[in-house]
Amino acid sequence: MSFARIVGTGSFLPSNVISNADLVSQLASRGIETSDDWIYSRSGIQSRRFADRQSQTSDLAVAAAFSALSAAAIEADAVDLIVVATTTPDAIFPSTACLVQRKLGIRNGCAAFDIQAVCGGFIYALTVADALIRATSVRTALVIGAETFSRLLDFEDRSTCVLFGDGAGAVILSASEEPGILGAALHADGHHSDILKVSGSIAGGAVLGDPFLRMDGPAVFKLAVGALQSVSEEVAAKCGLAMSDFTWVVPHQANIRIMEATARKLGIPVDRLVATVHEHGNTSAASIPLALDQAYRDGRICRGDRVLLHAVGAGVTWGALAMQA
Ligand code: ACO
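So, here is what we can say about the structure in this document. This is a predicted model, so every value here is computed, not measured.

Right, let's talk about the site of the ligand for a bit. Neighbouring the ligand are 22 residues; Thr34, Arg42, Arg158, His252 and Asn255 lie closest to it. A distance of 3.3 Å separates an oxygen atom of the ligand from a polar atom in the backbone of proline 218. When the free accessible area of the ligand is taken as 1,000 Å², the share hidden by the protein chains comes to 72%. According to the grid-proximity analysis, the pocket containing the ligand is the second largest pocket. Every element with two or more residues in the shell around the ligand is listed here: α2 (36-43), α6 (158-161), α7 (217-238) and α8 (256-266). With 4 residues, α7 is the single largest residue contributor to the shell around the ligand.

With that out of the way, let us pick up the pairing of strand β6 (residues 140-148). Most of β6 is tucked away, with 9 of its 9 residues classed as buried. A two-sided burial pattern is seen for β6, the buried positions comprising Thr140, Leu142, Ile144, Ala146 and Thr148 on one face and Ala141, Val143, Gly145 and Glu147 on the other. Across 5 bridges, strand β4 (residues 81-85) lies against β6 in parallel orientation. In the sheet register, isoleucine 82 faces β6, and the bridge partner there is leucine 142. Looking at chain direction, β6 and strand β7 (residues 166-176) are connected through 9 bridges and run antiparallel. By the bridge assignment, leucine 142 is partnered in β7 with isoleucine 172.

Analysis parameters
Residues numbered from 1 in each chain as written. Predicted model: local features only at pLDDT ≥ 70, side-chain atom pairs only at ≥ 80, totals over all residues. Heavy atoms only, no water. Near = heavy atom within 4 Å. Polar contact = N/O pair within 3.5 Å; in protein donor to acceptor, adjacent residues only side chain to side chain. Areas by Shrake-Rupley, 256 points an atom, 1.4 Å probe, with all protein chains shown as cover. 1 Å grid on protein atoms, 1.4 Å probe; cavity = no way out; pocket = protein on both sides within 12 Å on 5 of 7 lines; lining within 4 Å. Sits in = over half its atoms within 2 Å of the grid points. Helix = DSSP H or I, 4+ residues; strand = E, 2+ residues; numbered from the N terminus. Buried < 20%, exposed > 50% of the residue type's maximum accessible area, 1.4 Å probe, protein only. Pairing = 2+ DSSP bridges.

See below:
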């Protein structure tokens, strides 16, 4: 088989919808001032979902996985690789992927592991799964992006807590003679690790350092647009494609202004962007598979369409992937 191809997508969102107005009033009760206008004009976000205290990232991941398995019309036991991109694992170990395998009732001994590349995680995971399908005996991979990012938020820090949400998306990637993933590129530069981080760690039974997400927003914005532009051009060139060959671009849903600024630099009309940030907020590694699932299910992405995915995240990590649907 020459390709790995997406044959089913799925997603799951917690039922608890938090609108900007809800967040504004919750923050006001703590004496923190913000507004729907500030949040929407800076980020495009109108609402996000927050998981309840009982739900763990693996619960969201499993719900998205069932939805993708059903779309692909395959049984869980047919999966022979599980890759979960997450920054908010249930536990330090075992991996969330192993917990997903158990919760799905898969007993075939397939490989399962997590990828931690923050908002770049889903493209990293899809690229690794593609490579394993093409290089090994793996035929069917379950690739998930799942996050409970709300647990990393400091609700005293209005510059970050308004931007993120929880959710999960999944794809089934199968070995295929028909073109699927056409090419990808992954990058990282740890010299920028300070601009977006949760620096705390666990040692001796205590959290050492700061347990919350901290971000230099303007620095992230500036770096993101340049990185997304260059890696998208790199992947298009590698695949022998022009930007005009892509019917859809599914970006990491950090911020509508980053998404549109990058599209403009790439010469891509903004109406070719699949955007869900307004209703999901930034769900980190879950954002691309959530947006992909929406665009497959509502009929925007059709068989044969060329689709460009790109993402940048803390680390910093960044990547792009070109595929045929
Ligand atoms: N409500 C009201 N005012 C606020 C809020 C808020 N929620 N948060 C910050 N402000 C204030 C600041 O205190 C500041 O006030 P001051 O000028 O009196 O000091 C003012 O708004 C402007 O702050 P800036 O940080 O300069 O605002 P900016 O226009 O740059 O927008 C933002 C901030 C939205 C974070 C922007 O920098 C951005 O989009 N950065 C990209 C970051 C991003 O999207 N990160 C997502 C995670 S990274 C990823 O997924 C790749």
